[in-house]
Amino acid sequence: MLKTKNKPSKETTKYLLKRLVRNYVKKHFSKLFLAFLCMVIVASATAINAWMMQPVLDDIFLNKNLEMLMILPVAILLIAIFKGMAAYFQSILMNFIGFRIVADVQSEMLNSLLKSDLSFFDSTNSGTLVSRFLADVGSLTRGVHTVLTNIVKDILTVIFLVSVMFYHDWKLAIFAFVVFPISIFPIVRIGKRIRKISTQTQESFGDLSSKLSQLFMGIKTVKSFNMENYEKKNIGNTIEGIFFLTYKANKISSIARPLMETLGGFAVAGIIWVGGSQVIAGETTPGTFFSFITALIMAYQPVKSLAGLNATLQNAMAAAQRVFFIIDNKTNISDIGNDDIGILHSQKIKNIYLKDINFKYPSSKRLILKNISIMFEHAKKTAIVGPSGAGKTSLLNLLPRFYDLQRGEILINDTNIKTFSLKDLRNFFSLVSQDVVLFDNTIKYNIQYGSPNKKLGEIISASKKAGCHGFISKLPNGYETEIGENGVMLSGGQRQRLSIARAFLKNAPFLLLDEATSSLDTESESKIQIALDKLMIGKTVLIIAHRLSTVKNSDQIIVMNNGLVVDKGSHSKLIKTSILYKTLYKNQLR
Ligand SMILES: Nc1ncnc2c1ncn2[C@@H]1O[C@H](COP(=O)(O)OP(=O)(O)OP(=O)(O)O)[C@@H](O)[C@H]1O
Ligand SMILES: [Mg+2]
C-alpha cells in the first residue's frame, strides 16, 4: 500500500520540489545564502588555479622571471587558504541544513503517524514504516543536499573553467566541446544502471530488517517449531540477494574508472595533438596551452556530477513522494480538537448507550457488528460472552473510538461521543487488554505510563491494589528494575498485574476489560481476579469474560454470536432461556 512508483511524473516532481523548498529549505535562507557565497569562492578559486598555470609556465619556467617567482607562489598559497576556508564553511553550512531537513521530516512523519488511525497500522507493516524513516528520509536529504550543492558549485565551476578555456583559445575550446562529451556519456549511462540497482538494494535491506525483527521477536516460536533451518534459508536468500546486487553494482562501477580514463585519454591525446601543433607553430605559448588543459581536466568532475544530477533528483523525488504520503495520511477518526480534559469527568452519572450500531473494519466489506443496542448503566458491570470471532473485542474498540461506526451512535449521557475531544474521551476509559504491552524500561515507568504526574507513593499504592507490590519489592532494584522488551523478564501473571496497576493509577471511571483466554495457572489467575475485582469497585465496567465468577457476578450479560446480540440478561435467566449461553457455559466458562 505504501509502494509508490519509482519515478514521479514531471508535474509531481515540480510539486514535490516546491513543497520541499517551501517547508524545509526556505527557512534556512540566510545559511544557504552564506553557503552559496562560499561556493562562489570555491568555484572561482578553482578557475583561478587553472588560469595560473599560464604565468607559472610562461613567466617562471620559460622566461625565468624572478619577480614572478616571488609573487606567484604567494598568490597560489593565498588562493589555497581562501578556497580551503570557503570549502570548510560551505560544507558545515550545507551539512547543517541537510541534517536539519532529516530531523524535520522525521519529526513530521512521527507526528503524522502518532495521529494516524489504528486501521492505518492494521494495513501497514512496521518494517516498511521504519524503512520510510531511515532509508527514504536519507535518500531524500542526500538528493536535496547534492542538488543544492551541485547546482551552484558545479555550474559555477564549469562556467568559470570554460571561460578560462575560451579566454585562452576559443578554437581549441570548441574542439574540446566536441570531444569531451564522448567521454562523459558512458559514465552517465553506468551511473543510471548503478542507481537502479541501488534502489533494489535498498528495498532488499528493508526486507531484511523486517524479517530480522520478526525473527528475533518470535525466536521462541522459531525454536519450538524447529524452524531454524527454514529461517536460515529464508533470510539467507535475502542476504544472498543483497550480496548479488551490491556485487553487481560494484562490478559495474569498477568499469567506470578505467573506461573514463581510457576515453579521457583519447580526448586529451586529441587536444594535445591540436594544441601542441599550435604551440610548435608559435600561435600560442606552452603556458596558455597547459592552463587550458588544466581547466579542461578540472571541469571533468563537476560536469560528470551535473550529468548525473537528474537521476539523483529523480531518486530523491521518489523518496519524497513516499515520505509525503505518510505525512499527508488523513485520519478518518475526526477529533473536535480541543484538549480539554474534564468535560466528561465533571458529569456525575454516566450511562453509556450503544444505539443501533453497525460496524465494519475499513479494510473489509463484511459487517462485524450488526444492529447492536446495549445500555451500560453507571457503576454497573456488563459482561460480554460469545464464541471466538463473535465481535466482542471489536465492540469494545468502538467505545474509545479506535474505530468509528458505520451506522448508529454511541451516547454518554445522551451526548454523542464524537462531540467530546478524543483526549477527553480516551481519558474516560481504562483499557486492560488481552495482550499486555509493556515498554523496555523500568517497572515504575511502565506503571506510570499515561499518568506522568503521579508520585511514587501513588504508584506503590496502585501496585499494592493490583497485587504486584510484593514481587516488585523482592526485585533487586525494586521499582527501578528494567523489565526488557515487552517485559520478557516477568511472568505472564506479573505482566498482567502491572497492566492492572497501570489502570489503577489512571483511575478512569469506565473500565474496559478484555480478559485473557490464555490460561494462567490457578494461583496467578486468582491473584489477577482479586486485583480486577478491586479495580472494578465503583466503576462502570464492560468486561469480555471467560471466567465463570466474573460472568456470574455481572449485572448484565450480553451473549454475542456472529456480530449479533443474541441474548441478554442475568445468569439465572440466561441459563434457562439461552441455548448458546448454556453451551458456552458448559464448554468455555467452566
Ligand atoms: N483489525 C481488523 N481488521 C479487519 N478485521 C478484523 C480486525 N480485527 C478483527 N477482525 C475481524 O472481526 C471479527 C471479530 O473479531 P473480534 O476480535 O471482535 O472477535 P472476538 O469476539 O473478540 O474473538 P476472541 O474471543 O477470539 O477474542 C473477526 O472475524 C475478525 O476476523
Ligand atoms: Mg477478542
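Source: prediction; values computed, not measured. (Residues numbered from 1 in each chain as written. Chains lettered and ligands numbered in written order. Predicted model: local features only at pLDDT ≥ 70, side-chain atom pairs only at ≥ 80, totals over all residues.)

Concerning the overall build of the protein
Across its full length, the protein carries 21 helices and ten strands. Against the 2.2 N^0.38 benchmark of 25 Å for 590 residues, the protein shows a C-alpha radius of gyration of 35 Å, more extended than a compact globule. Over its C-alpha atoms, taken along the principal directions, the protein stretches across nearly 120 × 50 × 45 Å. For the protein, buried positions account for 30% of its 590 residues. Of all intrachain contacts in the protein linking residues separated by at least 6 positions in sequence, the fraction that spans at least 24 positions is 81%. (Helix = DSSP H or I, 4+ residues; strand = E, 2+ residues; numbered from the N terminus. Rg over C-alpha atoms; globule rule 2.2 N^0.38 Å. Buried ≥ 20, exposed ≤ 12 C-beta atoms within 10 Å, placed from the backbone. Contact = placed C-beta atoms within 7 Å.)

Brief notes about the sheet that holds strand 10 (residues 564–569)
Pairing in this open sheet of six strands is mixed, and the strands run 6-7-8-3-9-10 from one edge to the other. The open sheet has two free edges, formed respectively by strand 6 (429–432) and strand 10, since each of these has just one partner strand. Across the sheet, the mean angle separating the axes of adjacent strands is 15° when strand polarity is ignored. (Pairing = 2+ DSSP bridges. Axes fitted to C-alpha atoms, helices over the stretch in contact; angles between N-to-C directions.)

Notes on the domain arrangement of the protein
The assigned domain composition of the protein is domain 1 (12–169 + 309–329), domain 2 (170–283) and domain 3 (349–589). Computed from C-alpha coordinates alone, the two centres of domain 1 and domain 2 are separated by 21 Å. Counting residues at the interface gives eleven residues for domain 1 and 15 residues for domain 2. Among the elements of the structure, helix 5 (126–168) and helix 10 (309–327) are those that each provide at least two residues to the side of domain 1 that touches domain 2. Here the side of domain 1 that touches domain 2 gets seven residues from one element, more than from any other, and that element is helix 5. Classifying every residue of the side of domain 1 that touches domain 2 by side-chain character gives five nonpolar, five polar and one charged. (Domains from an automatic or database assignment. Nonpolar A, V, L, I, M, F, W, Y, C, P; charged D, E, K, R; others polar.)

A short note on the nonpolar core
Counting residues in hydrophobic clusters, the biggest one holds 63 residues, and the most contacted among them are Ile384, Val385, Ile500, Ala501, Phe504, Leu512 and Leu513. By residue number, the principal contributor to this core is helix 17 (residues 492–506), which donates six residues. Among residues more than four places away in sequence, those in contact with Ile500 are Val432, Ala466, Ala531, Leu532 and Leu535. The next biggest cluster of nonpolar side chains, apart from the first, holds 55 residues, and it includes Cys38, Leu161, Ala173 and Leu296. (Core = buried A, V, L, I, M, F, W, Y, C linked by C-beta atoms within 7 Å.)

Notes on the pairing of strand 4 (residues 407–412)
Every regular strand shows the same layout, with side chains that alternate between the two sheet faces. Pairing of strand 1 (residues 352–359) with strand 4 involves five bridges; the strand directions are antiparallel. Across the sheet, residue Tyr353 finds its bridge partner in strand 4, namely Leu411. The pairing of strand 4 with strand 5 (residues 415–416) spans two bridges and is antiparallel. Paired with Ile412 across the two strands is Thr415, which belongs to strand 5. Joining the antiparallel neighbours strand 4 and strand 5 is a turn of two residues, in which Asn413 adopts a positive phi near 50°.

Some words on the confidence of the model for the protein
Of the residues in the protein, 96% have a pLDDT of 70 or more, and the chain-wide mean is 87. Predicted confidence for residues 1–5 stays below pLDDT 50, and this span has nine contacts to residues more than four positions away or in other chains. (pLDDT = per-residue confidence, 0-100.)

Considering the site of ligand 1
Around ligand 1, a shell composed of 13 residues is seen, among which Tyr361, Ser388, Lys392, Thr393 and Ser394 lie nearest. Here the shell around ligand 1 takes three residues from helix 12 (residues 392–398), the largest share from any one element. For the shell around ligand 1, a count of residues per class yields three nonpolar, eight polar and two charged. (Near = placed C-beta within 6 Å.)

A closer look at the environment of Pro55
Residue position: Pro55 is located in helix 2 (residues 29–62). Under the C-beta neighbour-count criterion, Pro55 is labelled partly exposed, with 18 such atoms within 10 Å. In this structure, the C-alpha to C-alpha distance between Pro55 and Gly84, residues 29 residues apart in sequence, is 23 Å.

Quick word on the packing of helix 5 against helix 10
In the contact formed by helix 5 and helix 10, the axes pass within 8 Å of each other and the chain directions differ by 140°. Taken together, the axis directions place helix 5 and helix 10 in an arrangement best described as oblique. Between helix 5 and helix 10 the crossing geometry is left-handed. For the pair helix 5 and helix 10, contact is made by Arg132, Asp136, Val137, Ser139, Leu140, Arg142, Gly143, Val144, Thr146, Val147 and Asn150 and by Leu309, Thr312, Leu313, Asn315, Ala316, Ala319, Ala320, Arg322, Val323 and Ile326, respectively. Considered class by class, the residues forming the contact of helix 5 with helix 10 number eleven nonpolar, six polar and four charged. (Parallel < 35°, antiparallel > 145°, perpendicular 65-115°, else oblique. Left-handed = near helix turned anticlockwise from the far one by under 90°.)

Section: the sheet that holds strand 5
Sheet architecture is open: four strands sit in the order 2-1-4-5, paired in antiparallel fashion. If you trace the sheet from one side to the other, it starts and ends with strand 2 (369–376) and strand 5, each paired once.

As for helix 15 (residues 456–466)
Along helix 15, the positions that sit buried rather than exposed are Ile459, Ala462, Ser463, Lys465 and Ala466. Axial view of helix 15: buried residues confined to an arc of 160°, hence all on one face. Looking one or two residues past helix 15, Gly467 carries a phi angle of roughly 75°, positive in sign. (Arc of directions from axis to C-beta.)

Side note on the packing of helix 6 (residues 170–217) against helix 9 (residues 286–307)
Close contact between helix 6 and helix 9 brings their axes to 10 Å; oriented N to C, the two are set at 40°. With respect to their mutual orientation, helix 6 and helix 9 come out oblique. Taken as a pair, helix 6 and helix 9 cross one another with a handedness that is right-handed. Contacts between helix 6 and helix 9 involve Leu172, Ala176, Ile184, Ile187 and Val188 from the former and Phe292, Leu296, Val303, Lys304 and Ala307 from the latter.

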